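# Tertiary structure, described
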Amino acid sequence: MADFYFRMALLTGSKQYAFDGYATLKALYRNFGYGFYCIDYPVIIGLKALEQAGLDFERNQLLYDFKTTACIFLKNGLDFPKFEVNYEQSIIAPAVQFLCEVYLVTGDKRYLNGAQKMIPALEALQWHQPSYYMNEIAIRHWDGYWFGKRQTYGDVYPHYWSCITAAAFHRYAQCTGDNSYQLCAEQTVRNNLCLFFENGKASCAFVYPRRVNGETAHYADAYANDQDWSLMYWLLVNEKK
């Protein structure tokens, strides 16, 4: 919601939208503290929206909050906290993206060095497989069970949250100038488009194994929920700003 408010502020010039984005993030910090590994902290866009709106006090306050969170991420390093599961790509990738964005707005290399140490852990969860279902797509367990209609266990390639890694690689490429990470990010979001079909319908996840617990699998789930996130990340990665 904070990301949405900030983008609306930039589009409309509304000071209220910018303040609403700020207030939303302050509520997050009041309720969850500084150690929450949140997906898509709107660091760059949030500070930009507040600056454009002339809310300098709020911008400085939010920058302090971001830097405080970044310091906790640096202290934790590769000791990632448990979240919905013990360890997964969607815990590591947001941390990398966040540290990269804080580096881009501050120029403090501590944050980039912290992201650099996390990159191998993130890369270990995906690779350059020949199938577009798996090429630069992070492994996701059981998303077809938790979000799908058939509730089938099994590895999911792709699932839209694999695009969080694309955002992390995109920001890392901006920080380091290493275009190989930008190319990987572009492959991730492009290959996630297989969740959308020519007739305009879509699927929340593709359960990849041929069989799971004796049942036939390798199917696109009938439910369509939240896969539009992959479109949002496609825009972010290909915006190249």
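Quick look at the structure, then. (Residues numbered from 1 in each chain as written. Predicted model: local features only at pLDDT ≥ 70, side-chain atom pairs only at ≥ 80, totals over all residues. Heavy atoms only, no water.)

### Side note on the pairing of strand S2 (residues 155–159)
Burial of S2 is extensive: 4 of the 5 residues sit out of reach of the surface. Of the strand pairs in this sheet, strand S1 (residues 140–141) and S2 are connected by 2 bridges, and their pairing is antiparallel. Bridging across to S2, His-141 finds its partner in Asp-155. With 2 bridges joining them, S2 and strand S3 (residues 205–207) adopt antiparallel strand pairing. Looking across to S3, one finds that His-159 is bridged to Ala-205. (Buried < 20%, exposed > 50% of the residue type's maximum accessible area, 1.4 Å probe, protein only. Helix = DSSP H or I, 4+ residues; strand = E, 2+ residues; numbered from the N terminus. Pairing = 2+ DSSP bridges.)

### A short note on the layout of surface pockets
The calculated volume of the largest pocket comes to roughly 950 Å³. Ranked by the residues each element gives to the lining of the largest pocket, the list is headed by helix H10 (residues 228–239), at 8 residues. Taken together, the residues that form the lining of the largest pocket break down as 20 nonpolar, 2 polar and 10 charged. One number sums up the size of the second largest pocket: a volume of about 500 Å³. Forming the walls of the second largest pocket are 20 residues, and the residues nearest its centre are Glu-84, Val-85, Glu-88, Arg-140 and Asp-143. Of all the secondary-structure elements, those providing two or more residues to the lining of the second largest pocket are helix H5 (89–106), S1 and helix H7 (143–146). Residues that form the lining of the second largest pocket fall into these classes: 13 nonpolar, 3 polar and 4 charged. (1 Å grid on protein atoms, 1.4 Å probe; cavity = no way out; pocket = protein on both sides within 12 Å on 5 of 7 lines; lining within 4 Å. Points joined across faces, edges and corners; volume = space filled by probe spheres on them. Nonpolar A, V, L, I, M, F, W, Y, C, P; charged D, E, K, R; others polar.)

### Let's talk about H10
With 12 residues, H10 ought to run about 16 Å at 1.5 Å a step, and its terminal C-alpha atoms sit 17 Å apart, in line with that. If you check which residues of H10 are buried, you get Ser-230, Tyr-233, Leu-236 and Val-237. Burial along H10 is one-sided: seen end-on, the buried residues are contained in an arc of 120 degrees. Packed against the buried residues of H10 are H5, helix H8 (163–176) and helix H9 (179–191). (Expected span 1.5 Å × (residues − 1). Arc of directions from axis to C-beta. Contact = heavy atoms within 4.5 Å.)

### Section: the environment of Ile-72
Mapped onto the elements of the fold, Ile-72 is located in helix H4 (residues 56–76). Ile-72 sits in the partly exposed class, given a relative accessible area of 28%. What Ile-72 contacts, discounting residues up to four positions off in sequence, is Tyr-34 and Gly-35.

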